[in-house]
Structure formats: structure tokens, C-alpha cells
Protein chains: 2
Amino acid sequence: MLYLIGLGLGDAKDITVKGLEVVQRCSRVYLEAYTSVLTVGKEALEEFYGRKLILADREEVEQNADNILRDADLSDVAFLVVGDPFGATTHSDLVLRAAKKGIPYRVIHNASIMNAVGCCGLQLYNFGETVSIVFWTDTWRPESFFDKVKKNRQNGMHTLCLLDIKVKEQSLENLIKGRKIYEPPRYMSVNQAAQQLLEIVENQRVRGEEPGGFVTILVAVVYRGFIPIILPTDPINLSVLVEIICLFCPLFNHHYFSTQITKAGKGQPFSHSTRPSLKRHFVLA
Amino acid sequence: MLYLIGLGLGDAKDITVKGLEVVQRCSRVYLEAYTSVLTVGKEALEEFYGRKLILADREEVEQNADNILRDADLSDVAFLVVGDPFGATTHSDLVLRAAKKGIPYRVIHNASIMNAVGCCGLQLYNFGETVSIVFWTDTWRPESFFDKVKKNRQNGMHTLCLLDIKVKEQSLENLIKGRKIYEPPRYMSVNQAAQQLLEIVENQRVRGEEPGGFVTILVAVVYRGFIPIILPTDPINLSVLVEIICLFCPLFNHHYFSTQITKAGKGQPFSHSTRPSLKRHFVLA
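What comes next is a walk through the structure.

1. So, the pairing of strand β2 (residues 28–32) of chain B
In the case of a regular strand, side chains alternate between the two sheet surfaces.
All names here are of chain B.
Next up, step 1: Summarising burial for β2: 5 of the 5 residues are buried, a large majority.
Next up, step 2: Here β2 shows a buried face lined by Arg-28, Tyr-30 and Glu-32 and a second buried face lined by Val-29 and Leu-31.
Next up, step 3: Here 4 bridges tie β2 to strand β4 (residues 77–81), and the two strands are oriented parallel to one another. Across the sheet, Arg-28 pairs through a bridge with Val-77, a residue of β4.

Take a look at the structure:
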């Protein structure tokens, strides 16, 4: 049996009891490590589960799926995914391959940012299309995610923005030359994402397009253990940046907030110290 | 400390390890029992957790929240919610009350139908507004949820439909007379939901409105243990009802399906035997 097991969003203990039992009895346990990351590393998971984990990077999953599926019809194999196994459709391919080989499989669900974002107090029913904000390069600066945010806003919907993760990526040069040399991992910060969005707003204004009644609140939701951290900003005015750290924040207005106002000059709207954990997701309300 | 703990969607073992540890050390443990239900009952949870649970119905949570919060600043109190605590905003109120009283709280997330619906193979990013399909009465037959589905389709988005649950509700007569007599619990079946949708399509046609290129696939996702069951139908043609039961269904086209075609005459489109567990959620693709 192939088990696809969600690990949730916090640390080792966010796995379900059912998931943990399966992990402990499987013959091989893979940890998918390229679509998302936990705040704890592989070693912490291994210690808690009492099992060695095999890191499965993009190449392994997309090109060598047969390795993962080997003998899964005879013994149990677990494939661990941060969040929920189907938060993104990436892993449907593995399931389809298993089905093709006659290997049975089960899914053990867990929290994903797709539902846990409800902790910021915005009504989960009113989220529109989820967008991914990708790292811009010198030559590739797509604006399509911004148009989706605008469309959601026109329809009165919130937007969950997923921030880019680059793990085990080759540089263009190394890719062309076929050299398997990988760049260091990169995780887009909320600041980087906001900076790209602001540039698009500026670009659209220059081109005479209407960027829309864009962005009233920008909320970052990050998990540190099971404590979500919320960071609302007002990136349009560029004058005030409010950093809010709290245990939980329904509707942004209760007294557990500890706020810290930082003035930021134009051109450097996000010059305050970036917390390393402020990455991965944010919400446009 | 007040802990809001998600129980996930299946059975007792779908709680996280972190959640279970908290449940076992809290002085009181409440089980919220009116926004959703697990496939296992209170007794099965009590046996697995090794704890007595206090059932919290709508009245208790909405009108007697102080009971739940009593002494939570001095000892730990757990509030268990099927799925994730913030799948709906219903429980933000309890959190706000806790904050007002200076009671700290933590959220332990879990899978919700809002993200686990990804197991049907549809891309989670492309879901639009979630709708609730409510039980119609003789005098109250709202069509607003249908208009939201139409709007999602116009925007190329899928719709997750949540089906109505009536637990501990008073009849209008008993409500007016102030008699605390409650109706038996009711859970809308997929068939009932589909029947209401079909009536709306018919009503809109009669009124000369365009019901839209409505409904190509209707997918019900239900959890029995951690096995989702998928039921696509074609409610427009009313001629063929395909019941599909599978372990997992990415894109509706792999060979784990066991299909059963049932002819159904007009007027009785959903006359096949309804599985009692086919309730709670479905998806319009």
C-alpha cells in the first residue's frame, strides 16, 4: 500500500495519530521536500517518528517515481507531505502512477495553509482563486498573479498568496550545460512578494492601466510551532508598516496584538528587519 | 489556556499527536456537535482519548460561552471541532470572548473539507466561493446559493457545496411558544441538495432566466474512515445516474472506480438507494 500522509503545518507532533501509526510500520518512508517546508527539519521528524526518512526532491518524485513505488504492492510505503497531500495537485501524478501499477493507496489528510488560513479571521468561504507569487528574474517578470488578485477583489473575494520556494534548482547556465550543480535553497519572504506587487502596481499606472482598488491589508500567516504570526501592512501608502505578532488574530482587532510601527521611506517600503520565518504565505484581504 | 482543536474528518485517530496530548491533560474537554459530525460517535472518541467529553450544542456555545470559558485562565480547557476549528467563522466568537476575558488560547489545526476536497483531483487553487445549501421549507426556498455557483462557473471556478445540518433545532411553533422541544437531527443528503438545485434550474427557465451552462459534474466527497467516496452525476440530463465509489479519484479517470449505472426517470432523478453516509459536502466542477 502507498500511503500519502499530510504532516500539517507546525512541527513533528502535527502528524495525526493515524499517520504516525502508519509511518512507524512502513518499510520505507519518504519525505517530500520541495513544495513546502516545516519549521522543524528532517532530523526532528526522524527522532519523533523513530524512523529514518528518505528525502524525496523534485527530481526523485517527478523522474524516478518508480523508486518510490518499488514493491509498494508487497509492503507499505509512506510518502510524507508538509500540509495536506493534495494542497497542490503535484502529487496526483504519483497517485496515478500507483494506480497504473495496480498499487493500492490511501490518503491521510491534515491541515493545509489552504484551510488553516481561516485563523486570520477572514471567512474561508470568501476566498477566490489562490495565486502563486513567483521569484522574478532579470528577464522574466510575470504579472499574471496580480491580475488574478484584482479579479478576486472585483468579485469581493480574498486571495491567499503562496510564496515561491526554490529548492535544488539549477541556474540557467548549469541547466543548459547539463551540469547537476544546484543553487542554494531560496524561500520568498513576505517583503519580497510585497515589493514585486508594488512594482506591478507602479508598472500598471505607468502604462495607464487601472491597478484597481488594490490591497488594503496584506496579512502574512506563518507557523512557528502552532503559533500563527500575522503581519498586516499597507503597501499602497508606503508610509507606515505595522508589524503585528500575535498568537491568533480574528479580524485583526483584539488585544493580544503586540504592535510595532515602523516608518519606511518610499523606495524602501519593507526595510524593517525581515524575520526569517516570515515566508511562505500571505493573504490579500 | 483555551485550546481549539481540530479533529479532522475521519475517526478518532485523525486527531493530531499534539491535539491528543492536550486533550489528555485538560481539565475539561468540550465536543462541538452542531456544525459538523464525525463518522464515529462521542463514545468512540471518549474511549480513544481516555477522557469524558462534554457535548456543546449551539445553545451552549452561543449563549452560555461563559460556561466553557470558566476558569480557563487557571487551567486548560479544550474545545474540539470536527475538521478544522476555523473552517467556518462560527468559533471566532468564542475566541474573541476568551480574548476579552484575558484568557490565552491556542489553535491546533487539522484537515477540513475546505482543503481535503483536493482529493477529488480538482485543483484546490481553482475553487471559488464556498456555498451552503440550506434545507428548504414550504415557505422559504432561497436560490441565492445557486447564483453563487453560477458566478463561480462564469469565472471558471469549481464550487464546494456544504450541505445543511440541523441539530437540536426547534420547530417554528415551538420557537414562538418558547417550548424547548427539539426536532430530530437532520443531515441533507447529496440527493436532496441536487433535487433543490434542479428545481432552481427549472424555476429560472420558467421565469425566462438563463440558468447558465450549469452543472456538468456533481461530486460528493464523504469520509468513511479515511476513504473518500465520490459520486458524480449528471443532473441535467436526468437520464443516467452514475454512482462511483472509489478509494481516491484524481480527475475521475483511473481504474479504481467501480461504477454502477442507474437509469432514473424524469421527476425521480435520484431514486436510487441513498447511502446514509452520502451527505455533508459536494463539489460542482
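2. Describing the environment of B:Lys180
Residues and elements named next belong to chain B.
Next up, step 1: Here Lys-180 shows up in the loop between α8 (172–176) and β9 (186–187).
Next up, step 2: Lys-180 gets classed as exposed once you look at its relative accessible area, which sits at 59%.
Next up, step 3: Between the C-alpha atom of Lys-180 and that of Ser-144, which follows or precedes it by 36 residues, the distance is 31 Å.
Next up, step 4: The residues touching Lys-180, leaving out its near neighbours within four places in the chain, are Glu-59 and Gln-170.
Next up, step 5: A distance of 3.0 Å separates the side chain of Lys-180 from the side chain of Glu-59, its partner in a polar contact.

3. A word on the pattern of salt bridges
Next up, step 1: Summed over the entire model, instances satisfying the criterion amount to 36 salt bridges over all chains.
Next up, step 2: Among the ionic pairs, B:Lys18 bridges to A:Asp14, the shortest N-O distance being 2.8 Å. Pair noted here: B:Lys18 is in helix α1 (residues 17–25) and A:Asp14 is in the loop between β1 (2–6) and α1 (17–25), and the two residues belong to different chains. Across the pair, exposure class does not vary: B:Lys18 and A:Asp14 are buried alike.

4. Quick notes on the side chain of A:His109
Residues and elements named next belong to chain A.
Next up, step 1: Looking at the secondary structure, you find His-109 in the loop between β5 (105–108) and α6 (113–116).
Next up, step 2: By relative accessible area, His-109 is classed as buried at 8%.
Next up, step 3: At 2.8 Å, the side chain of His-109 and the side chain of Asp-84 are in polar contact.

5. Here's the deal with the side chain of B:Glu32
Residues and elements named next belong to chain B.
Next up, step 1: Note on placement: Glu-32 falls in strand β2.
Next up, step 2: Notably, Glu-32 is buried but unbridged: the nearest opposite-charge side chain belongs to Arg-58, and the N-O separation is 7.5 Å.
Next up, step 3: For Glu-32, the side chain forms a polar contact with the side chain of His-91, separated by 3.0 Å.
Next up, step 4: Once you skip the residues sitting within four places of it in the chain, Glu-32 turns out to touch Ala-56, Phe-79, Leu-80, Val-81 and His-91.

Basis of the calculations
- Residues numbered from 1 in each chain as written.
- Chains lettered and ligands numbered in written order.
- Predicted model: local features only at pLDDT ≥ 70, side-chain atom pairs only at ≥ 80, totals over all residues.
- Heavy atoms only, no water.
- Buried < 20%, exposed > 50% of the residue type's maximum accessible area, 1.4 Å probe, protein only.
- Helix = DSSP H or I, 4+ residues; strand = E, 2+ residues; numbered from the N terminus.
- Pairing = 2+ DSSP bridges.
- Contact = heavy atoms within 4.5 Å.
- Polar contact = N/O pair within 3.5 Å; in protein donor to acceptor, adjacent residues only side chain to side chain.
- Salt bridge = Lys/Arg side-chain N within 4 Å of Asp/Glu carboxyl O.
- Lys, Arg positive; Asp, Glu negative; His and termini not counted.

These figures come from the coordinates and say nothing about function on their own.
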